[in-house]
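As a plain string of letters, each chain reads:
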Amino acid sequence: MARATLRIFLGAAPGVGKTYAMLEEAHRLRGRGEDVVVAFAMDHGRSDTRALMDGLEVIPPHTIAYRDTSFEEMDVDAVLARKPRIAVVDEYAHSNIPGSRNAKRWQDVEELLDAGINVLSTVNVQHLASLGDVVSAITDVRQAETVPDDVVRRADQIHLVDISPELLRQRLGDGKIYSADKIDAALSNYFRMGNLTALRELALLWLADRVDEGLAKYRSEQGIEASWPARERIVIGLTGGPEGEVLVRRAARILKRVNGGDLLAVHVRAADGVASESPRALEAQRLLVRDLGGSYHTVAGEDPAKALLDFARSVNATQIVVGISRRRSLVARLTGRGIGNRVVRDSGDIDVHMVSHPLGGRGVDRPRQRDLGRTRVIVGFAMAVVLPVLLQLLLAASPSHNITTAVLLQLTGSVAVALVGGLWPALLGALWSSLLVNFFSIPPVGTLTISDPENIIALLVFVGVSAAVAAVVDVSARRSKEAARARAEATTLGDLTRGASSAEDTVEGLLKQALDVFQMRGAALYRAGTAGPGGGTAGGWRLVAKAGEAAPLPADGGENTEQIDAGTRLVLSGRILPASDRRLLSAFGAHLSAQLERRQLAASRREVRRLAESNTMRTSILRAVSHDLRTPLAGIKLAVGGLRQSNVHYTPEEEQELLATIEECSDRLDVLVGNLLDMSRITSDSVNALIRPVRWYEVIPTALHGMPPGRVRVDLPGNMPEIDADAGMLERVIANIVENAIKYAPDSDVVLVGAAGGFSSSTLDGRPSGELRIIDHGQGVPAESVVRMFQPFQRLNDVPSTTGVGLGLAVAKGFTEAMGGTLTAEETPGGGLTMVIRLPLSTGVAFPHEEAQAPLEAQSVLLQHRHMPPSGSPDSASREAG
């Protein structure tokens, strides 16, 4: 069964009218007689949208119970059983309730499409996975529900539902988007003019990129090479000279005159132009292009003008910027041999800017490569046939000539043929010339018979000299070509060497460079053997890194496979590499091998450092045991010894005081030993976090157990989603930080605040994160002491050791990192310290059916926790340096 079509209505923000436009389209299709049903649609409390659902067949949703609450999801089985021609499915990026048929609604839609049911759906730009970081940076709201970009790109049609930010804010103010109690908060937060303008631009640019991809695909399928100026795209031709910076800045100024466009700098590494390249200038120009928002490319080509034009046409460029030639040869200018002149002549419908620069016309001629191509060889054969005849006719016109004159003149012609066509045309010309000389100039004339033996020697010398000259010319041309190729390889190797010594060099970067140098579509690095946890192998090979298109698996004896070592292969896909490029490919393999070794050395260095830190930690722990643990033990022993004396009678108050001392020292000893053991586990990498979905309000009450009454206030939004964490570790982290804050901010309350909507603007390894802030208004920590604050055995202002060993924040940081999160410190506005805990959001969904308006529906909640008497509060979790 053929796959059905998917149409997506894309919007920049909630309330632009995606669902409304989708339902209007459903009514239009129904009016044409199409079989249309509403599989799932939400009106979000908007009366206009609700009214549009009247008159359409609606398939009842499926109700799922989750955590004592009932939720409605699309009934996929009912839609498949009904099998309409067109199904309306709202909120394409929605995450289904656990226990549903699929985890994501777009996966439900895939089932409908595979069953031949056409689908209309909606999605907001903030739900596109590639734009998650950008949207969170703009709005300070992290979207938990995302859909992969390539899934949306596969849609057959994407309709942009667009209204101006001013009109959207007016609709919001009129109560057409949210209820009255949420309007002010929405206008002040998510629906600010700057936010809406930026989101609108993101939606337009994303859709423009998709249109550009479709245009490129169409041009490729139709074999269209002519540039279509649908989008401004400027290509800069760099020669490796210092004038490149002038060209880049000029192209950037040209691009500024239009709104939107691409800047692409390309350096064509030609065989005859390497000698004039400046690696330092090229590197500076690459950085300049990157700073201006463009991209830098390197291509190889025997003909720089043709390679530049081929690249420009492949990217559908509208303009090319090149500099005027640095050649000062008058012949080159008159004959149009300059690269810029040829680009202008062959550019077709691509506009070319010839930019003047200080070096224009004042540079020196580059050494010309003597390359005997096919054209020169053909011309040489033609000259070998025609030129001897013309010379013989010239001799015949002379009133008197002898053998010497004929031989010298024909020898001159053979040398000319050798200079043009090389060895084989020169040999042919020499043989043909010797026959003509013998027939027309050597007695007896008119025959091929030679009567004088000296004439035979003269003809042989004539043929030998011609062959020798031809051989010298041919060898010279080959050596020139090899030298030019060697210069090109040396320049490429120089680039690799510079990259190997820079911090930016990576395996992926080397593979991308190989794509440009060898003009390939894909490059991949494979290693033999089984994959690690979570990895996979195919055919016994594990993919280490790749660039461009997927490269095939290594094949023994493959044309484009380079063996780096016994278990590592570099594979290129695209054209078949000639033998002349194999040496350069080997150089890339050597640099990749060195980069892999660098990775291993870095890992070994980290392991050695970890072992050294672990050894230092053990030494510090032993010192702490020798001193800090003796104090509570001595207190316990003294109190117990006093109670056991039979000849001393204590009053009830004195007995209670001794017992309180024993209890306080025991609690302190318990905390000290716990922190020491935890720190020992952290430094030895033996901490194994049991990660599961956890809600902040599940662990905070337990973590605050025993805190002084009235000192801690908790204010969390009501819609904070689940995070992935170890509940026990998270309790310990929060408890250590709060105890630390209470101790060092005795005159301030401590407030636990959740981020708006529970989302942090930061990501953890590309995953959205949840955030909890623990705020105090104490004395704070100097900026220079923040890093040291998290190190073990650090105390603020040399606090006496009786307050603890200084492990509280070190343990908290170690546990947080073991759970895949981060613990950082910030200055509290007005004075004090704010500790920020960030942990990855869970893949589960806390509050379904909520999109960008989720932060607006947050309700502040105050968690209640039990209080312990002040005398029992432990004090060992000291704030290190703060």
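Scroll up to find the structure this text is about.
Throughout this description, residue numbers start from 1 for each chain and increase along the sequence as written. Only residues with pLDDT of at least 70 are given local features in this predicted model, and only at 80 or more are side-chain atom pairs given and counted; all residues enter the totals for whole chains, interfaces and linings. Remark: hydrogens and water are excluded; side-chain values derive from all non-hydrogen atoms of the structure.

Caption draft 1: Region of interest: the overall build of the chain. Secondary structure elements follow DSSP: runs of H or I no shorter than four residues count as helices, runs of E no shorter than two count as strands, and numbering proceeds from the N terminus. When its secondary structure is counted, the chain shows 26 helices and 25 strands. For every residue, the accessible area (1.4 Å probe, protein chains only) is compared with the maximum for its type, and the residue is labelled buried under 20%, exposed over 50%, or partly exposed between those bounds. Residues classed as buried in the chain amount to 46% of the 882 residues present. When checking whether two residues touch, look at their non-hydrogen atoms; a contact exists if any pair is within 4.5 Å. Looking at the chain alone, contacts between residues at least 24 apart form 74% of all its contacts between residues at least 6 apart. Total accessible area on the chain is roughly 42,600 Å²; 55% of this is exposed by carbon and sulfur atoms. Computed with a 1.4 Å probe, the accessible areas rest on the Shrake-Rupley method; for each residue, only the protein chains presented here act as cover.

Caption draft 2: Fine view of the nonpolar core. The biggest cluster of nonpolar side chains holds 65 residues, and the ones touching the most others in it are Tyr92, Leu112 and Val147. By size, the runner-up hydrophobic cluster in this structure holds 42 residues, among which are Ala725, Leu730, Leu772 and Leu841. In this text, buried Ala, Val, Leu, Ile, Met, Phe, Trp, Tyr and Cys residues form a nonpolar core when linked through side-chain atoms within 4.5 Å.

Caption draft 3: Representation of the pattern of salt bridges in the model. Only one rule defines a salt bridge in this text: a Lys or Arg side-chain nitrogen within 4 Å of an Asp or Glu carboxyl oxygen. Summed over all chains, the structure comprises 22 salt bridges. Residue Arg82 pairs with Asp35 through a salt bridge whose shortest N-O separation is 2.7 Å. One end of the pair, Arg82, is in helix α3 (residues 76–82); the other, Asp35, is in the loop between α1 (18–31) and β2 (36–40), with 47 residues separating them in the sequence. Overall, Asp35 belongs to the partly exposed group, its relative accessible area being 28%.

Caption draft 4: Broad picture of the packing of helix α15 (residues 374–397) against helix α17 (residues 423–440). Here an angle of 0 to 180 degrees is reported between the N-to-C directions of two axes, which are lines fitted to C-alpha atoms, with helices fitted over the stretch in contact. Contact geometry of α15 with α17 gives a least axis separation of 8 Å together with a crossing angle of 15°. Viewed along their axes, α15 and α17 adopt a mutual orientation that is roughly parallel. Taken as a pair, α15 and α17 cross one another with a handedness that is right-handed. Contacts from Val377, Gly380, Phe381, Ala384, Val385, Pro388, Val389 and Gln392 in α15 reach Trp424, Pro425, Leu428, Gly429, Trp432, Ser433, Leu436, Val437 and Phe440 in α17. Looking at the contact of α15 with α17 residue by residue, the class counts come to 13 nonpolar, four polar and no charged. Should an angle fall under 35 degrees it is called roughly parallel, over 145 degrees roughly antiparallel, and 65 to 115 degrees roughly perpendicular, with every other angle called oblique. A clockwise turn of the near helix away from the far one marks a right-handed crossing, whereas an anticlockwise turn of less than a right angle marks a left-handed crossing. For this classification, the nonpolar set comprises Ala, Val, Leu, Ile, Met, Phe, Trp, Tyr, Cys and Pro, the charged set comprises Asp, Glu, Lys and Arg, and every other residue, Gly included, is treated as polar.

Caption draft 5: Representation of the pairing of strand β14 (residues 522–528) within the structure. Where burial is concerned, most of β14 is hidden: five out of the seven residues are buried. What makes two strands pair is DSSP finding at least two bridges between them. Pairing between β14 and strand β15 (residues 541–548): seven bridges, direction antiparallel. Bridging across to β15, Tyr526 finds its partner in Leu543. The pairing of β14 with strand β17 (residues 568–573) spans six bridges and is classified as antiparallel. Each residue of the ladder has a partner; that of Gly522, found in β17, is Ser573.

Caption draft 6: Region of the structure containing a negative patch on the surface. Excluding any residue in a salt bridge, patches collect residues exceeding 30% relative accessible area, merging like charges within 9 Å and nonpolar Val, Leu, Ile, Met, Phe, Trp and Tyr side chains within 5 Å. For the charge count, each Lys or Arg is scored as positive and each Asp or Glu as negative, with His and the chain ends excluded. Positions of charges follow a simple convention, taking NZ of Lys, CZ of Arg, CG of Asp or CD of Glu. Taken together, the side chains of Glu653, Glu654, Glu655 and Glu657 present a region of like negative charge at the surface. Looking at the element boundaries, Glu657 is found in helix α22 (residues 652–683). Looking at Glu657, the relative accessible area reads 54%, which means it is exposed.

Caption draft 7: The sheet that holds β14, seen in detail. Strand order in the open sheet formed by four strands is β15-β14-β17-β16, with antiparallel pairing between adjacent strands. The open sheet has two edge strands with one neighbour each: β15 and β16 (561–565). In this sheet, adjacent strand axes meet at a mean angle of 20° when their direction is disregarded. In the packing of helix α19 (residues 507–518) onto the sheet, the strands contacted are β14, β15 and β17, and the crossing angle to β15 comes to about 55°.

Caption draft 8: Inspection of the packing of helix α12 (residues 304–314) against helix α14 (residues 339–346) at higher detail. Direction vectors running N to C along α12 and α14 enclose 45°, while the axes themselves pass 9 Å from each other. Judged by the angle between their axes, α12 and α14 are oblique. Crossing angle aside, the handedness with which α12 passes α14 is right-handed. Contacts from Pro304, Ala305, Leu308, Leu309 and Arg313 in α12 reach Ile339, Arg342, Val343 and Asp346 in α14. Within the contact of α12 with α14, the residues separate by chemical class into six nonpolar, no polar and three charged.

Caption draft 9: Spotlight on α19. Multiplying one less than the number of residues by 1.5 Å gives the expected span of a helix. Taking 1.5 Å of rise per residue, 12 residues should cover 16 Å, and α19 covers 16 Å from first to last C-alpha, within 8% of that figure. Those residues of α19 that sit buried are Val507, Leu510, Leu511, Ala514, Leu515, Val517 and Phe518. At the exit of α19 stands Gln519, carrying a positive phi of roughly 55°.

Caption draft 10: Layout of the packing of aromatic side chains. Two aromatic rings, drawn from Phe, Tyr or Trp (for Trp, its six-membered ring), form a pair once their centres lie within 6.5 Å of each other, and the interplanar angle then sorts them: stacked below 30 degrees, edge-to-face above 60, tilted otherwise. Enumeration according to the criterion identifies two aromatic pairs in this entry. Residues Tyr66 and Phe71 carry aromatic rings whose centres are separated by 6.5 Å and whose planes lie at 55° to one another, so their mutual orientation is tilted. For Tyr66, a relative accessible area of 15% corresponds to the buried category. Phe71 gets classed as buried once you look at its relative accessible area, which sits at 15%. A centroid spacing of 5.8 Å and a plane angle of 85° characterise the contact between Tyr178 and Phe191, whose relative ring orientation is edge-to-face. With a gap of 13 residues between them, Tyr178 in the loop between α7 (165–173) and α8 (180–188) and Phe191 in the loop between α8 and α9 (193–222) connect regions that are remote in the sequence. Geometry around Phe40 places Arg105 over its ring, the cationic atom sitting 4.2 Å from the centre. Whether a charge lies above a ring is judged from NZ of Lys or CZ of Arg, which has to be within 6 Å of the ring centre and within 35 degrees of the ring normal.

Caption draft 11: How the structure looks around helix α4 (residues 105–114). For α4, the tally of buried residues reaches seven of 10 residues, placing the bulk of the element in the interior. Taken together, the buried positions of α4 are occupied by Arg105, Trp106, Asp108, Val109, Glu110, Leu112 and Leu113. One or two positions beyond α4, positive phi appears at Gly116, with a value near 90°.

Caption draft 12: Looking closely at the environment of Pro721. Of note, Pro721 is situated in the loop between β19 (712–715) and β20 (723–725). Judged by its relative accessible area of 9%, Pro721 falls in the buried class. Each C-alpha atom of the pair Pro721 and Gly770 lies 7.6 Å from the other, and the pair is 49 residues apart in sequence.

Caption draft 13: Representation of the sheet that holds strand β9 (residues 233–238) within the structure. Spatially, the five strands line up as an open sheet ordered β11-β10-β9-β12-β13, and their pairing is parallel. Looking at which strands have only one partner, the edges of the open sheet turn out to be β11 (295–300) and β13 (351–355). Averaged over all pairs of adjacent strands, the angle between strand axes in this sheet comes to 25°, irrespective of strand direction. Note: strand β12 (residues 319–323) against β13, five bridges, orientation parallel. Note that in β13 the partner of Val322 across the bridge is Met354. Contacting β12 and β13, α14 runs over the sheet at an angle of about 160° to β13.

Caption draft 14: Local environment of the side chain of Glu771. Within the secondary structure, Glu771 sits in strand β23 (residues 767–775). One polar contact links Glu771 to Arg773, side chain to side chain, over a distance of 2.8 Å. Polar contact is defined as a pair of N or O atoms within 3.5 Å, subject to the rule that within protein one atom must be able to donate a hydrogen and the other to accept it, and that residues adjacent in sequence are counted only when both atoms are side-chain atoms. Within polar-contact distance, the side chain of Glu771 engages the side chain of Arg838 at 3.0 Å.

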